[in-house]
Amino acid sequence: MSKIRDASHLAAELKRIDSKGYKAYKDIAGIYRVDDFTLFVDYVQGDPFASPSKLRLRLEAGRAQFPEELFENPDRKVALEDYILRAFDAALDRVAKGNRGSGKSGMLAVDRPGQQVLERTAVVVDPDYVEVRLSAGLPARGRRVLGLQAQKMLLKEIPAAGRSALYCGALDSDRMRDFVLSVENAAKLRRQLSSMGAVAFVADGSILPRESGVSERPMSRDAAVPFGAPPTLKKEVSLANGGRASGMIIPEGVTLIVGGGYHGKSTLLEALDRGIYNHIPGDGRELVVTCPTAVKIRAEDGRQVTGVDIRPFIRDLPNRTDTGNFTTPSASGSTSQAANIMEALEMGADALLVDEDTSATNFMVRDMRMQLLVAADKEPITPFIDRVKQLYRQRGVSAVLVVGGSGDYFDVADNVIMMDHYRPRDVTSEAAEIAERFPTGRAGESQGGMPRRNRRHPDRDSIDARRKGRIRVKTRGLFTIQFGTETVDLSGVEQLVDYSQTRAIADALVYIRRYFPDMCIYDGLDRLDQELDEKGLDVLSPFRGHPGDYARPRAIEVAAALNRLRSLRLQKTEYMRTGGG
Ligand code: ADP
Ligand code: MG
């Protein structure tokens, strides 16, 4: 631990190096006392165009004065940190001048959160202090140090933002409390779902539609039809922090969402796939909660698949491909969807969310006429319709399916919800009646039960991020990881919501190598979760000061990235063929 210097020392250093070559900035790495704060200059960039410098601003708890009850459990702590981060971000917008020279000069930024409240590394609330982690573009003209501008950034702007966000007294205490309690309500409700026999809860009054197809922000309240539960599926729940909420329960089992085109089916399903996360007050989905291990399943042709047992869905491919150990650099629509399901089961998913819009038609159903034309022994696919009930009966895995096009599914549904002008109706008994009066005539095609989870053990050397001898991991946006010489495409992993999750996943792929091949993928990622619980996301960071820009992904999404790594090889797979469970 280096010694803490006075702010005047930093000011003098910056004056001394003014207009020197940019490398002179390296001299300011260190720890400084600035007003009430401690400023850590952890990493200094080598060039105004290089990735920015990393700083931390810390205030001791005795001065910050956040009431302990607002971070007394992990749900509250995550929420409070998120609230402070948003406040600090807004303060930076007000006080930071921004661009002041070449390259990233003048830039001051924290990791900006979206509609979800995620565990992050950008703010730490500790019993002893509160800390925010920033990126800064140390200013330069050309490649010459702009010392006085740097003084303004480090000694004026950053502390000013700190004054409006790191002291409890500077924040709106009612709003802060509401924020924290609202997040905790959702988190606790989500954990109660299984004891309620439900896979999801959608509160009355929720706003599900978003402002556009590329935005997570809510549609305006004037335009949106608020959610209202149908009487038969309505339930009142009591919330952790007092009060009650009424809304629609989606019971365990097989649930269909039907309805005419454009009546809000996919919008409901998307809200459910986001229901694994907590949302900020005002989002509209504050009390839309889904089973924490729910996985959105889609067709994803072209994806890599490595050693997955997809026999429950696909057998006897024409070229004698072994579908018990299915490997391909480019899966088809149906084989990719089958692999996505089997990988979700391997990771312990308790609910699958499927939208016909993004499914392979031949994977979903084969109707009577097609069965008559193409005999079962010429069709490798066992359609989902013939497995979905078994999945629940034998494995306890529920499914919520959007099917506007195939009434054959009525035969296997426990509940049928019809979206009608954005309003849900319970049409379970009507659908059952129709199913009784008009048999589909199709023959069930499933052979054997669902196998147990496969346990695949990756080969450590096949997870290699080195390029020219050095570990190189980068991300681009939400869905692309550059991993050594490979590009991992996550565009089919729809429940990723935040760039910072992608960054965490990228570094997690390097970190989890140590668990393999001793552990299987599930155990390795379970272990990762335990380590992240104990030590925080910081452990994923390989170098360069603090990682201020991670958000926590689920183990399921980390596994999804691993599964899409084209170099992945397996050392062994334990197939557990028999029985249910
Ligand atoms: P479907 O899947 O049934 O074809 P979508 O869910 O895609 O329909 O919704 C169609 C359109 O209606 C989308 O533009 C969506 O934003 C909008 N929409 C969905 N739900 C609502 C709602 N509750 N209020 C207003 N507009 C909605
Ligand atoms: Mg749709």
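Because the structure is predicted, anything quoted here is derived from the model rather than measured.

Colleague: Let's hear about the pairing of strand S22 (residues 415–420): which residues, and what values?
Modeller: Across a regular strand the side chains alternate sides, sitting on one face of the sheet and then on the other. Pairing analysis gives five bridges linking strand S14 (residues 254–259) to S22, with the strands arranged parallel. Across the sheet, Thr255 pairs through a bridge with Asn415, a residue of S22. If you look at the hairpin formed by S22 and strand S23 (residues 423–426), you'll find two residues sitting between the two strands, and His421 has a positive phi there, around 50°.

Colleague: Help me get a handle on the coordination of the magnesium ion (ligand 2), residues and values and all.
Modeller: With distances of 2.1 to 2.3 Å, the protein atoms coordinating the magnesium ion (ligand 2) are Ser266 (OG) and Asp357 (OD). Of the two residues, Ser266 sits in helix H6 (residues 265–274) while Asp357 sits in the loop between strand S20 (351–355) and helix H8 (361–364), which places them 91 residues apart along the sequence. Residue Ser266 is classed as buried on the basis of its relative accessible area of 18%.

Colleague: Account for the pairing of strand S28 (residues 480–483), naming residues and giving values.
Modeller: Neither face of S28 is left uncovered, since the one carrying Thr480 and Gln482 and the one carrying Ile481 and Phe483 both have all their residues buried. As judged from the four bridges shared by strand S27 (residues 473–476) and S28, these two strands associate in the antiparallel manner. The residue bridging Val473 from the neighbouring strand is Phe483, located in S28. The loop that links S27 with its antiparallel partner S28 comprises three residues; one of these, Gly477, has a positive phi angle of about 65°. Judged from the four bridges that link them, S28 and strand S29 (residues 486–489) form a sheet pairing that is antiparallel. Among the inter-strand pairings, Ile481 is bridged to a residue of S29, identified as Val488. The antiparallel hairpin formed by S28 and S29 contains two residues in its connecting segment, where Gly484 sits at a positive phi of about 60°.

Colleague: Please provide a residue-by-residue account of the site of ligand 1, values included.
Modeller: Taken together, 14 residues form the shell around ligand 1, and within it Val225, Tyr262, Lys265, Ser266 and Thr267 come nearest. The backbone of His263 places a nitrogen or oxygen atom 3.2 Å from an oxygen atom of ligand 1. Between ligand 1 and the protein, one listed contact pairs an oxygen atom with a side-chain N or O atom of Lys265 at 2.8 Å. Notes on ligand 1: free accessible area 560 Å², of which the protein chains cover 80%.

Colleague: Please set out the packing of helix H3 (residues 74–95) against helix H5 (residues 173–192) residue by residue, giving values where relevant.
Modeller: When two helices pack together, their arrangement is given by the angle between the helix axes and the distance between those axes. Where H3 meets H5, the closest approach of the two axes is 9 Å, and the angle between their N-to-C directions is 140°. When the axes of H3 and H5 are compared, the pair comes out oblique. Of the two elements, H3 crosses H5, and the hand of that crossing is right-handed. Across from Asp75, Arg76, Ala79, Leu80, Asp82, Tyr83 and Arg86 in H3, the residues of H5 making contact are Arg175, Met176, Phe179, Val180, Leu181, Val183, Glu184, Ala187, Lys188 and Arg191.

Colleague: So what's going on with the nonpolar core? Residues and values would help.
Modeller: Grouped together as the largest cluster of nonpolar side chains are 79 residues, with contacts concentrated most on Phe384, Leu401, Tyr409 and Leu528. For this core, the element with the highest residue contribution is helix H14 (residues 555–563), accounting for seven residues. The residue makeup of this core includes at least three contributed by each of domain 2 (174–450) and domain 3 (454–576). Excluding residues that lie within four positions of it along the chain, Phe384 makes contacts with Phe313, Ile341, Leu352, Val354, Phe363, Met364, Leu391, Leu401 and Tyr409.

Colleague: Could you give me a rundown of H6, with the residues and numbers involved?
Modeller: Here H6 lies mainly inside the structure; eight of its ten residues are buried. For H6, the full list of buried residues reads Lys265, Ser266, Leu268, Leu269, Ala271, Leu272, Asp273 and Arg274.

Colleague: An account of the domain arrangement of the chain is needed here, citing residue identities and associated values.
Modeller: For the chain, the assigned domains are domain 1 (4–171), domain 2 (174–450) and domain 3 (454–576). If you average the C-alpha positions of domain 1 and of domain 3, the two centres end up 29 Å apart. Taken over both partners, the interface formed by domain 1 and domain 3 buries close to 1,400 Å², and the fraction arising from carbon and sulfur atoms is 46%. When the buried area of domain 1 at its contact with domain 3 is split by residue, Lys54, Glu119 and Thr121 rank highest and sum to 41% of it. Residue Asp498 is joined to Arg120 by a salt bridge in which the shortest nitrogen-to-oxygen separation is 2.4 Å. Elements that contribute at least two residues to the side of domain 1 that touches domain 3 include exactly strand S3 (37–43), strand S4 (53–60) and strand S8 (129–136). Here the element with the most residues in the side of domain 1 that touches domain 3 is S4; it accounts for three residues.

Colleague: Could you give an account of the sheet that holds S28, with specific residues and numbers?
Modeller: Taken in spatial order, the three strands make up an open sheet running S27-S28-S29, and their pairing is antiparallel. The outermost strands of the open sheet, each flanked by one partner alone, are S27 and S29. The sheet shows a mean angle of 20° between the axes of neighbouring strands, taken without regard to direction. Running at roughly 30° to S28, helix H12 (residues 499–511) makes contact with S27 and S28 of the sheet.

Colleague: Report on unusual backbone geometry, specifying residues and quantitative values.
Modeller: Each neighbour pair has its own omega, and for Phe516 with Pro517 the value is 0°, a cis peptide bond. One non-glycine residue, Ser19, lies in positive phi territory at about 65°. Position of Ser19 relative to the elements: it lies in the loop between helix H1 (7–16) and strand S2 (30–34). A relative accessible area of 46% means that Ser19 is categorised as partly exposed. Even without being glycine, Gln65 reaches a positive phi, approximately 65°. Counting through the fold element by element, Gln65 comes out in the loop between helix H2 (61–64) and H3. For Gln65, a relative accessible area of 54% translates into the label exposed.

Colleague: I'd like a rundown of the pattern of salt bridges, residues and numbers included.
Modeller: Using the criterion set out here, one finds 54 salt bridges in the structure. Between Arg16 and Glu13 there is a salt bridge, and its shortest N-O distance comes to 2.9 Å. Here Arg16 pairs with Glu13, and both are found in helix H1, just three residues apart, close to one helical turn. For Glu13, a relative accessible area of 14% gives the class buried. Its salt-bridge partner being Lys535, residue Glu531 comes within 3.2 Å of it at the nearest N-O pair. Residue Glu531 and its partner Lys535 are located together in helix H13 (residues 521–535), separated by four residues, close to a single helical turn.

Colleague: Describe in detail the sheet that holds strand S16 (residues 288–290), supporting the description with residues and values.
Modeller: Pairing is antiparallel across the open sheet formed by four strands, whose spatial order is S12-S13-S11-S16. One side of each edge strand has no neighbouring strand; the edge strands of this open sheet are strand S12 (234–238) and S16. Adjacent strand axes in the sheet meet at a mean angle of 35°, parallel and antiparallel pairs treated alike. By the bridge criterion, five bridges tie S12 to strand S13 (residues 244–251) in an arrangement that is antiparallel. Bridge pairing in S13 places Lys234 opposite Met248. The strands touched by H5 within the sheet are strand S11 (198–203), S12 and S16, with S16 carrying the most contacts at an inclination of about 40°. Sheet strands touched by H6: S11, S13 and S16. Its angle to S11, the strand with the most contacts, is close to 110°.

How each quantity is defined
- Residues numbered from 1 in each chain as written.
- Chains lettered and ligands numbered in written order.
- Predicted model: local features only at pLDDT ≥ 70, side-chain atom pairs only at ≥ 80, totals over all residues.
- Heavy atoms only, no water.
- Pairing = 2+ DSSP bridges.
- Helix = DSSP H or I, 4+ residues; strand = E, 2+ residues; numbered from the N terminus.
- Donors = N, O, S within 2.8 Å, 3.2 Å for Na, K, Ca; no water.
- Buried < 20%, exposed > 50% of the residue type's maximum accessible area, 1.4 Å probe, protein only.
- Near = heavy atom within 4 Å.
- Polar contact = N/O pair within 3.5 Å; in protein donor to acceptor, adjacent residues only side chain to side chain.
- Areas by Shrake-Rupley, 256 points an atom, 1.4 Å probe, with all protein chains shown as cover.
- Axes fitted to C-alpha atoms, helices over the stretch in contact; angles between N-to-C directions.
- Parallel < 35°, antiparallel > 145°, perpendicular 65-115°, else oblique.
- Left-handed = near helix turned anticlockwise from the far one by under 90°.
- Contact = heavy atoms within 4.5 Å.
- Core = buried A, V, L, I, M, F, W, Y, C linked by side-chain atoms within 4.5 Å.
- Domains from an automatic or database assignment.
- Buried area = accessible area lost by both parts, 1.4 Å probe.
- Salt bridge = Lys/Arg side-chain N within 4 Å of Asp/Glu carboxyl O.

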